[in-house]
Amino acid sequence: MMDAFRLHRGTAPLLLSIPHVGTGVPEAIRSKLTPEGLLLRDTDWHLDRLYDFAEGLGVSILQAAQSRYVVDLNRPADDQSLYPGQATTGLCSTIDFDGRPLYRPGEEPDAAEIAWRVETVWKPYHAALAGELERIKAQHGYALLYDAHSIRSVVPRLFDGLLPDLNLGSNGGTTAAPALKERIAEICRTAEGFTHVVDGRFRGGYITRHYGQPERNVHALQMELPQRHYMDEEPPFAYRPDVAKPLKAVLHRVLESMLAWKP
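A few points on the structure. (Residues numbered from 1 in each chain as written. Predicted model: local features only at pLDDT ≥ 70, side-chain atom pairs only at ≥ 80, totals over all residues. Heavy atoms only, no water.)

1. Brief notes about the overall build of the protein chain
Reasoning step 1: Within the protein chain, the secondary structure is distributed over seven helices and seven strands.
Reasoning step 2: Radius of gyration (C-alpha) of the protein chain: 18 Å, near the 18 Å computed for a compact globule of 263 residues.
Reasoning step 3: For the protein chain, the C-alpha atoms occupy an extent of roughly 50 × 40 × 35 Å along the three principal directions.
Reasoning step 4: Every one of the 263 residues in the protein chain was classed for burial, and the buried ones make up 56%.
Reasoning step 5: Look at the contacts in the protein chain between residues 6 or more apart in sequence, and 80% of them connect residues 24 or more apart.
Reasoning step 6: Here the protein chain displays about 10800 Å² of accessible surface, and carbon together with sulfur accounts for 53% of that area.
Reasoning step 7: Both charge centroids of the protein chain, one from 29 positive and one from 34 negative side chains, sit 3 Å from each other. (Helix = DSSP H or I, 4+ residues; strand = E, 2+ residues; numbered from the N terminus. Rg over C-alpha atoms; globule rule 2.2 N^0.38 Å. Buried < 20%, exposed > 50% of the residue type's maximum accessible area, 1.4 Å probe, protein only. Contact = heavy atoms within 4.5 Å. Areas by Shrake-Rupley, 256 points an atom, 1.4 Å probe, with all protein chains shown as cover. Lys, Arg positive; Asp, Glu negative; His and termini not counted. Charge placed at Lys NZ, Arg CZ, Asp CG, Glu CD.)

The following block contains the structure:
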């Protein structure tokens, strides 16, 4: 059985979810991928390093072990589109963000293969996520969820031009208390040298929308970051600690501010 996730349980009321950082690909799937697919280009590279300060804040951390090319943990299990009418990728996508094929001709996953990936990777991750939020809520009376993402700065198929630096998502204000969303938006607004947008192209994926239930005292926000601020966007996708430093400082303030908030 392959690992679906790694979980660190903290003491604070906040869970950091990193669903696209995984790079695991079972050999049975790897052998079907195109050379482009094998690059795993659309990975949210190095987010575990970018947020490595979170553990010291007492934050719980859940991170994917398997690649989003195996199964996308931020899509619903029935693969309903989160962005109707806009270009996107699916639960077990057969194309990358640029629309290039991930699989050799005739090797795309069928319904049985997709069901197996959901059962062995998607469901365990979400069971862990739901369970940790319940544990946190039982301990603190409320739970906070921060869903961390990153993407190449320019992906014409998905968005126009250069992606803003800090993309905060609350699905139009429905996934977190307005006071919490505004608190974090203000940090993004005042972050020197960084641009920001709230509920722009990335409003929050399945995880933020599904688990963010303010009426149940579970508050979720998504942060999408362009990778130019902390790494090389071309292979071998190297982490750049020197470049990452200013962004890391902003993210530290974001998580500290979430932790200082109470419903």
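2. A closer look at the nonpolar core
Reasoning step 1: In terms of nonpolar packing, the biggest core is built from 84 residues, with Leu50, Tyr51 and Tyr146 touching the most fellow members.
Reasoning step 2: Contact partners of leucine 50, with chain neighbours within four places excluded, come to Leu225, Tyr230, Tyr239, Ala244, Leu247, Lys248 and Leu251. (Core = buried A, V, L, I, M, F, W, Y, C linked by side-chain atoms within 4.5 Å.)

3. What to know about helix H7 (residues 241–260)
Reasoning step 1: The end-to-end C-alpha separation of H7 is 27 Å, in line with the 28 Å expected for 20 residues at 1.5 Å each.
Reasoning step 2: Approximately 35° is the largest bend angle found in H7, and it occurs at leucine 247.
Reasoning step 3: Every buried residue of H7 is listed here: Ala244, Leu247, Val250, Leu251, Val254, Leu255, Ser257, Met258 and Leu259.
Reasoning step 4: Those residues of H7 that are buried are in contact with strand E2 (14–18), helix H3 (47–50), strand E4 (143–151), strand E5 (166–169), helix H5 (178–189) and strand E7 (218–226). (Expected span 1.5 Å × (residues − 1). Bend = angle between axes of the 7 residues up to and from the residue.)

4. Here we look at the packing of aromatic side chains
Reasoning step 1: Going through the model one piece at a time under the given rule, you end up with six aromatic pairs.
Reasoning step 2: Between tryptophan 45 and phenylalanine 237, the ring centres sit 4.8 Å apart and the planes meet at 15°, which makes this aromatic pair stacked. With tryptophan 45 in the loop between helix H2 (35–38) and H3 and phenylalanine 237 in the loop between E7 and H7, this residue pair connects regions lying 192 residues apart in the sequence. As far as burial versus exposure is concerned, tryptophan 45 and phenylalanine 237 are alike and both buried.
Reasoning step 3: For the pair phenylalanine 159 and phenylalanine 202, a centre-to-centre distance of 6.0 Å together with 75° between the ring planes defines the contact as edge-to-face. Taken together, the positions of phenylalanine 159 in the loop between E4 and E5 and phenylalanine 202 in the loop between strand E6 (196–198) and helix H6 (206–211) put the pair 43 residues apart, joining distant regions of the chain.
Reasoning step 4: The ring of phenylalanine 202 has arginine 201 lying over it, and the distance from NZ or CZ to the ring centre is 5.4 Å. (Phe/Tyr/Trp six-rings, centres within 6.5 Å; stacked < 30°, edge-to-face > 60°. Lys NZ or Arg CZ within 6 Å of the ring centre and 35° of its normal.)

5. A few points about the pattern of salt bridges
Side chains carrying opposite charge are able to pair once their charged atoms draw close together.
Reasoning step 1: One pass over the full model with this rule turns up 21 salt bridges.
Reasoning step 2: Two residues, aspartate 242 and arginine 240, come together in a salt bridge whose shortest N-O distance is 3.8 Å.
Reasoning step 3: Given a relative accessible area of 53%, aspartate 242 falls into the exposed group.
Reasoning step 4: Linked through salt bridges whose partners overlap, the residues forming this network are Glu36, Arg41, Asp42, Asp96, Asp98, Arg100, Arg152 and Glu234. (Salt bridge = Lys/Arg side-chain N within 4 Å of Asp/Glu carboxyl O.)

6. Some details on the environment of leucine 7
Reasoning step 1: Among the structural elements, leucine 7 can be located in strand E1 (residues 5–8).
Reasoning step 2: A relative accessible area of 28% means that leucine 7 is categorised as partly exposed.
Reasoning step 3: Taking the C-alpha atoms as reference points, leucine 7 and lysine 248, separated by 241 residues in sequence, lie 22 Å from one another.
Reasoning step 4: Leucine 7 has contacts with Ile61, Leu62 and Glu132, leaving out every residue within four places of it along the chain.

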